[in-house]
Amino acid sequence: MLTATAHIRLIDFGSAAPLLPPESDGSQRVPIEHCFVPCGTCDYISPEILQAHEEALVALEMEDDERWVREHKPSGYGRETDWWSMGAMLYEMAYGVAPFFSREIRHTYARIMEHHVSIAFSTDFALG
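Throughout what follows, the structure given in this document is the object of discussion. Given the structure is predicted, the values throughout are model-derived calculations rather than measurements. (Residues numbered from 1 in each chain as written. Predicted model: local features only at pLDDT ≥ 70, side-chain atom pairs only at ≥ 80, totals over all residues. Heavy atoms only, no water.)

## Re the nonpolar core
Within the largest apolar cluster, ten residues are counted, these being V30, C35, I45, I49, L50, A52, A56, Y77, F100 and I112. At four residues, helix α1 (residues 47-61) tops the list of elements feeding residues into this core. Apart from residues no more than four positions distant in its own chain, V30 is found in contact with A17, P18, L19, C35, S75, G76 and Y77. (Core = buried A, V, L, I, M, F, W, Y, C linked by side-chain atoms within 4.5 Å. Buried < 20%, exposed > 50% of the residue type's maximum accessible area, 1.4 Å probe, protein only. Helix = DSSP H or I, 4+ residues; strand = E, 2+ residues; numbered from the N terminus. Contact = heavy atoms within 4.5 Å.)

Below is the structure:
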């Protein structure tokens, strides 16, 4: 990450989750058991992570119903979430505010799920 004074700052990725073996199409997913707690910074978290979190919680509630588990097969999320987060960070670097920012986390999450970008220009930003 870059600080406000343009210095490089190392950050901790200790909350990273393991990936399952690759599928036939080459994609890899995080196991559903690692989706019970959303992983990531609120402003940069992807809709796939939020959806997987919700599916994991429902699966936990329904674990006694084998038919439901067979029919729904919650699958976690894949590497696409990293691209989403990188895009959100780049947006914030360009515009000075996270793309889905709201003062309340639940509103931020709702904007992410709806992909509703909140464009806020600073007073010193001029379109040219």
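## Description of the side chain of T108
Among the structural elements, T108 can be located in helix α4 (residues 105-114). Judged by relative accessible area, which is 2%, T108 ranks as buried. The residues contacting T108, other than those within four sequence positions of it, are C42, D43, F100, F101 and S102.

## Observations concerning the environment of E55
Assignment of secondary structure puts E55 in helix α1. On the basis of relative accessible area, E55 is assigned to the partly exposed category, the value being 27%. Between the alpha carbons of E55 and S75 there is a distance of 8.4 Å; along the sequence they are 20 residues apart.

## Side note on the pattern of salt bridges
Counted under the stated rule, the structure contains one salt bridge. R106 is the salt-bridge partner of E104, the closest N and O atoms lying 2.9 Å from each other. For R106, a relative accessible area of 59% gives the class exposed. (Salt bridge = Lys/Arg side-chain N within 4 Å of Asp/Glu carboxyl O.)

No statement about biological role is implied by the geometric values presented.
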